[in-house]
Amino acid sequence: MTGTLIQPTAIKDILTGILLCMLIIAVMYIVPLIGIVAWMFLPLPVLFYRLKTGRNGSGIIMVVSLAVLIVFTRNFAFNTLYFGSLLMTGFFLGEFIEKHLSIEKIMLYTGVAVLGSCVAVLLIYSLTHPQGIEQIISNYISRYQALSSGLFSESAQLYPEMKVDRQMLEKASSLFVIIFPGIFINSYLTMVWLNILLIKKILLKKGIIIKSIENLNQWKAPDYLVFGVIALSLLIFLPVDVLKYIAVNCLIILMFVYFFQGIAVVSFFFQKKSVPFALRSFFYILIAIQPFFMFLVIGFGLFDTWINFRKLDTAT
């Protein structure tokens, strides 16, 4: 799991990794409905073969998969950023898991490394493109708003009986643009967390245990984050719009961190009480689709900071 040289026996693994990546990408293109979920699994082949074949092997899988995609779609900018960031996520996850870092550092360093790589690509792209980064971002926001406006108009024409409040929907669209950074980061954290859980199960079946990603149901957010929640909650009421938007997005992210802690609390008691898999799955689905249960889990995570539901510090 630690070698960086490509051995002859690794060629088959590299080809398999490329095939799996291309298969997932093909599903995302051909079946958009399934593709909504499939993108979360794209980092997994790169992650698995990073741990199995080493740095060079997974690098080849990542580069070749992206190159093949660009050749077939002829869309360099979008594919490099979107699919490239997903493939890099698997690569960097493997890098930091192999270093046996804590789960917080694995997720944080992976996000920072992928973000840094994407910013570097954007800078290079902007230097070779007549438009600057600000103009490119503004164009994407304008396209989103135009698309949303067109969608609202079409819905009102097709379904007049629904009495679509165009003004209300446009306000909702504008609100989504404001909180999009927080939602995007949370979806990315979910993807990273999911891939860590999957690789943990895959490695466990092969008899490989990595202590840094074991016992995730005992994970607890740092205590000082509570002060961040309090401070951000106060900033929301300030009359300065920029600070308010930043505070809202940061608060959304922190709430999602406590959602992870709440899920860890729920998982801990499921394991402790030996709850059957079917019943666990039912409750997890309920949490995912019912906002009430989701906020309840966030509450468990937040109050676990003081109440310590799992009694982790007294566990033997």
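Residues numbered from 1 in each chain as written. Predicted model: local features only at pLDDT ≥ 70, side-chain atom pairs only at ≥ 80, totals over all residues. Heavy atoms only, no water.

### So, the overall build of the protein chain
The following threshold applies: Per the convention used, a helix needs a DSSP run of H or I reaching at least four residues, while a strand needs a run of E reaching at least two, with both numbered from the N terminus. Residue exposure (1.4 Å probe, protein chains only): buried if accessible area is under 20% of the type maximum, exposed if over 50%, otherwise partly exposed. Residue contacts are defined here by distance: any two heavy atoms, one from each residue, within 4.5 Å place the two residues in contact. Accessible surface is estimated by sampling points in the Shrake-Rupley manner with a 1.4 Å probe; for residues, cover comes only from the protein chains shown.
Looking only at helices and strands, the protein chain features 12 helices and zero strands. For the protein chain, the N- to C-terminal ordering of α and β elements is α-α-α-α-α-α-α-α-α-α-α-α. Out of the 316 residues belonging to the protein chain, those deemed buried represent 38%. In the protein chain, of all internal contacts separated by at least 6 residues, the share reaching a separation of at least 24 is 71%. Put simply, the protein chain shows about 18900 Å² of open surface, and 72% of that area lies on carbon and sulfur atoms.

### Some points on a nonpolar patch on the surface
Applicable threshold: Like charges within 9 Å and nonpolar side chains (Val, Leu, Ile, Met, Phe, Trp, Tyr) within 5 Å are joined into patches, using only residues over 30% in relative accessible area that form no salt bridge. A pair is scored as a salt bridge if a Lys or Arg side-chain nitrogen falls within 4 Å of a carboxyl oxygen belonging to Asp or Glu.
Together, Tyr29, Ile30, Val31, Leu33, Ile34, Ile36, Val37 and Phe41 give the surface a local cluster of nonpolar side chains, amounting to about 800 Å² of exposed area. For the nonpolar patch, the elements supplying multiple residues, two or more each, are helix 1 (10-30) and helix 2 (32-38). The element contributing the most residues to the nonpolar patch is helix 2, with four residues. Mapped onto the fold, Tyr29 is located in helix 1. Note on Tyr29: relative accessible area 44%, which makes it partly exposed.

### A look at the nonpolar core
Convention followed: Nine residue types can take part in a nonpolar core, namely buried Ala, Val, Leu, Ile, Met, Phe, Trp, Tyr and Cys, and a core is a set of them joined through side-chain atoms within 4.5 Å.
Formed by 71 residues in total, the largest nonpolar core has its most connected members in Leu42, Ile103, Ile106, Met107, Ile196, Ile199 and Tyr258. At 12 residues, the largest contribution of residues to this core is made by helix 10 (residues 241-272). Other than its neighbours up to four places away in sequence, Ile196 contacts Leu93, Ile103, Ile106, Met107, Ile213 and Leu216.

### Thoughts on helix 9 (residues 225-235)
The criterion, for reference: Think of it as the arc spanned by the lines of direction from the helix axis to the C-beta atoms.
Every buried residue of helix 9 is accounted for by Leu225, Val226, Val229 and Leu232. Within helix 9, the buried residues cover an arc of 125° as seen down the axis, which keeps them to one side. Relative to its buried face, helix 9 has exposed residues pointing more than 90 degrees away, namely Phe227 and Leu234. Looking at the buried side of helix 9, the elements it contacts are helix 10 and helix 12 (291-307).

### Some thoughts on the confidence of the model for the protein chain
Any residue range with low pLDDT should be treated as having predicted coordinates unsuitable for detailed reading. Selection rule: Within a predicted model, pLDDT stands for the predictor's per-residue confidence, ranging from 0 to 100.
On average, residues of the protein chain carry a pLDDT of 82, and 79% of them reach 70 or more. The least confident element of the protein chain, judged by mean pLDDT, is helix 7 (residues 133-158) at 60; the most confident is helix 3 (residues 43-53) at 93. Contacts for the low-pLDDT stretch residues 1-5, under 50 throughout, to residues beyond four places or in other chains number 13 contacts.

### Re unusual backbone geometry
Of note, the phi angle at His100 is positive, near 60°, even though the residue is not glycine. The topology assignment puts His100 in the loop between helix 5 (76-98) and helix 6 (103-127). The exposure class of His100 is exposed, given its relative accessible area of 52%. For Asn215, which is not a glycine, the phi torsion comes out positive at approximately 55°. Assignment of secondary structure puts Asn215 in the loop between helix 8 (166-205) and helix 9.

### What about the environment of Leu235?
Here Leu235 shows up in helix 9. For Leu235, a relative accessible area of 29% translates into the label partly exposed. Placed 11 residues apart in sequence, Leu235 and Ile246 show a C-alpha to C-alpha distance of 9.0 Å. If we skip the residues at most four places from it in the chain, Leu235 touches Lys244 and Ala247.

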